[in-house]
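Structural characterization, general
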Amino acid sequence: MRPLLLRLDHFGSFRDPVEVDFSDVDYFALTGPTGAGKSTIIDAICFALYGTVPRWGRENVIAHALAPSVAAGKVALLFESDGRRYGVVRALVRDGKGTVRTKEARIDELAAGVPLGEAWEAVVKPLAEGENVTAEVQRVTGLEYRFFTQCVVLPQGRFAEFLHAAPRERQDLLVQLLDADVYEAIRQRAVREEETARSAASLARDQLGKLSGATAELEEELTGRLAALRRLAETIDADLDLLRAREADILRATRERAAVAERQAALAAPRMPDGVATLSTARRAAAEAVASLLDEVAALEADEHAADEALAALGGRERPQAALAALDARDRLTAQAESARAQAGSAAESLGALRSALQEADRAVAEAERRRDRLRDAHAAADLASRLAPGDPCPVCLRPTDPGHAGGHPGSGAARAPGAAEIRAAEGALVTARKEAERARTAYAKGETSAGLYANQVTKLEAELAALPPAVDRAAVEGRLAAIAKAEAVAAEARSAARTARTRLRQAQTETERADRRAADAWRTLETARDGLLALGSHDDPPPPLTRDDLHRAWTDLLGWRDRAALAAAEALAERDEALAAATAGLSRERARLAERLREHQVPLPGEGTPEQLGAAVAGEVARVESRLERVKEARERAAELAGEVAEKEHAAKVAHELALRLRANAFERWLCAEALAVLVTTASGMLRELSDGQYELALSDRTEIEVIDHAEAGLRRSARTLSGGETFQAALALALALSDAVARGLDSIFLDEGFGTLDPATLDTVATTLERLAAGQERVVGVVTHVPALAERVPVRFEVSRDAKGSHVRKVGL
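This report concerns the structure included in the present document. (Residues numbered from 1 in each chain as written. Predicted model: local features only at pLDDT ≥ 70, side-chain atom pairs only at ≥ 80, totals over all residues. Heavy atoms only, no water.)

Notes on a nonpolar patch on the surface
Residues V182, I186 and L659 make up a contiguous nonpolar surface patch of about 210 Å² in total accessible area. Tracing the backbone through its elements, the reader meets I186 in helix α7 (residues 182-210). (Patch = residues over 30% accessible without salt bridge, like charges linked within 9 Å, V, L, I, M, F, W, Y side chains within 5 Å. Areas by Shrake-Rupley, 256 points an atom, 1.4 Å probe, with all protein chains shown as cover. Salt bridge = Lys/Arg side-chain N within 4 Å of Asp/Glu carboxyl O. Helix = DSSP H or I, 4+ residues; strand = E, 2+ residues; numbered from the N terminus.)

Quick word on the nonpolar core
Core analysis: the biggest nonpolar cluster contains 50 residues, and L6, F22, F28, L49 and F79 have the highest contact counts within it. Per-element accounting of this core gives the leading share, nine residues, to helix α1 (residues 38-50). Setting aside chain neighbours within four positions, we find F28 in contact with F22, F751, V781, V782, G783, V784, V795, V797 and F799. (Core = buried A, V, L, I, M, F, W, Y, C linked by side-chain atoms within 4.5 Å. Buried < 20%, exposed > 50% of the residue type's maximum accessible area, 1.4 Å probe, protein only. Contact = heavy atoms within 4.5 Å.)

Description of the pairing of strand β5 (residues 84-94)
In terms of burial, β5 is largely enclosed, as nine of its eleven residues are buried. Where strand β4 (residues 72-81) folds back onto β5 in an antiparallel hairpin, the turn is made up of two residues, including D82, whose phi is positive at roughly 55 degrees. Where β5 lies against strand β6 (residues 100-110), ten bridges are found, and the strand directions are antiparallel. Along β6, the bridge assignment pairs V88 with I107. With antiparallel pairing between neighbouring strands as the criterion, β5 and β6 make up a hairpin whose turn holds five residues, including G98 at a positive phi of roughly 90 degrees. (Pairing = 2+ DSSP bridges.)

A word on the pattern of salt bridges
A side chain of one charge can pair with a side chain of the opposite charge when the charged atoms of the two come close. Counted under the stated rule, the structure contains 39 salt bridges. A salt bridge links R106 to D108; the nearest nitrogen and oxygen atoms lie 3.3 Å apart. On the accessibility criterion, D108 (9% relative accessible area) is buried. Where R576 meets E256, a salt bridge forms, and the shortest distance between an N and an O atom there is 3.9 Å. Of this pair, R576 sits in helix α13 (residues 551-600) while E256 is found in helix α8 (residues 216-268), placing the two residues 320 residues apart along the sequence. One network of salt bridges, with partners in common, ties together E104, R106 and D108.

Description of the packing of aromatic side chains
Each aromatic ring pair is described using two quantities: the centre-to-centre distance and the angle formed by the ring planes. Following the criterion strictly, the structure yields six aromatic pairs and no others. An angle of 25 degrees between the planes, with centres 5.6 Å apart, marks the rings of F79 and Y86 as stacked. For F79, a relative accessible area of 0% puts it in the buried group. Taken together, the aromatic side chains of F22, F28, F751 and F799 make up a single cluster linked through ring pairs. (Phe/Tyr/Trp six-rings, centres within 6.5 Å; stacked < 30°, edge-to-face > 60°.)

Here's the deal with the sheet that holds strand β9 (residues 706-710)
Strand order in this open sheet of three strands is β8-β9-β10, and the pairing throughout is antiparallel. In this open sheet, the two edge strands, each paired with only one partner strand, are β8 (696-700) and β10 (716-719). In this sheet, adjacent strand axes meet at a mean angle of 35 degrees when their direction is disregarded. Alignment of β9 against β10, held across four bridges, turns out to be antiparallel. Paired with D710 across the two strands is L716, which belongs to β10. (Axes fitted to C-alpha atoms, helices over the stretch in contact; angles between N-to-C directions.)

Pasting the structure below:
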């Protein structure tokens, strides 16, 4: 991967849009004071490719890409890989909650050879968008994120520590640098693979156990039985044809017997209807009864007519009944009027007595009121006199009181004043008198009302009597009504007798019609029976002809012929039964013989045992045995497969177990680190020889110590711990480059972001010379991040990074 053009817009400390053009440089330095934003440019390259930066900690943490006051930002990188040009863009945005998220991410393949200013528009094809961009970057660069951060931004400082570390510490550092933790993951995977393989082997053994019955002996037995069944199937057709012939004989005999039985049943069907023998006598008796009843009905209807005429001559009941009702009403009203007059007179007499009682009660009330008033006045006068002093004017007569009379009015005398009890008694007597007067008044009012009602009733009854017709003779009226009643009884009796006679006539006529219908039905039944028997008779002995003059004789002749024919049919039926029994016995013998053959071959016998069922049973048994034999063969094949699978899974489990054991041992890590260290030192030795212009090489001692071979001192070997600062930088850089080549061969870019400020001038000169040789010796871009002017001045192209209140800025100086 070789960067060509980097664009930053509000990324990190760069607030204004910035372009960094790497297309025409192979060796450059990012210079500027600490905190100016030099490393941010390296971070932008890494973020554009992978969406994260090592300095931010965890992967996929992007909150540090935008300054707190920035709402959106963008990074775009134009780069080449394997001779193709690509453009990758990532845009960021801060949402309303302050969370930074990726708004856009895409990678496109661009046309090669197009000027950089127009390259972004020369899209050959889009490659990926969104979350798929990182995976596509790994594909086109061949570098995963962790290898990019290890090989592009070289950790040569870790290798400087690696050179001076003790063997145990060097092993731990080498495990980290080589990402040797992957072998622990391999060991854990081996443990899981062992468990999976053992589970699969156990499952296969269980399945194999279920197939233990599928043996070679069973297959051989089923093969022999199948061959025997096939021979039976080939030879059974003749036996089945014989059975079919026997069944055909039985069917034919059954049909013949059924025909004879049907003729016998048809002969037995005709039956003389009940009452045919007496039907002629019944018809004559019914006809005679009808003729007799006709005469009787005519005589009774004449009597009915004469009675009706006599009743009509007497007239109706209405006028006599009306006259009799008027007489009854006159008698009733006369009696009611007399009663009403008597009651009115009594009421008038009672009213005088009630009036006298009312007057006496009123007088008693007036007397009681006067007595009460006298008592009240006397009581009040006595009370007043008791409160007057002698000589005081009397409030009644206005005269002075008499001093000679103690406490009294001049005319008061010595009378006793009435008490309160006496006054209350007088008031009670007044109340009683008033109640008696009220009762007398009420009684008088009721008596007066009753007298008025009785007087009105008398007047009304007298008016009704006046409205009645004149009186007639009651005896004459009642005699006429009696004569009418007698005539009505005679007429009713005549009508009843005529009605009864007509009913008997209708019954006799109905019986005659019924007898005629029975005779007609019997003739029709006879004709139908003869027609049916006509088909059963022979040419020589047909049914007798019908004689219409005597129904009973005709039936007797026909049933006599039927009985003779039925006897002949019974004899024929017995012959058919014998033939059917013989055919059935023959079929049973053949079927039993065939069933014995089937049992010999263990063929299940069907229920009815028809030829078709027997043939199907043999064919079904052949198919069942074939199917079972096929299943046994398949089971044996499956058992062989399962046995192989058990062996394979057990072997895999054993291999995984051994691998887990080997990887669990501490010796494996030591062996791995020793082998990796040997390869790493050998590769780094060649690079160090180039970087030191042939002066130094690296080698491992017998105790796996890293030693330096100094060819300027006649190949002197000394420990790497004795190296100076510049020599340590050269050796550490060689080790870092060796690791980079081991992980990602053909890498086109290297960035060194390490501190050089603590180096002395001589060491710094060695470092600068080493970097110049690194840049000149291979076709790759070498970038150095430093704030040391002495080192930066020796780099042909510098990107000077500065920072002010508006953010970071970059300026290209050099070519």
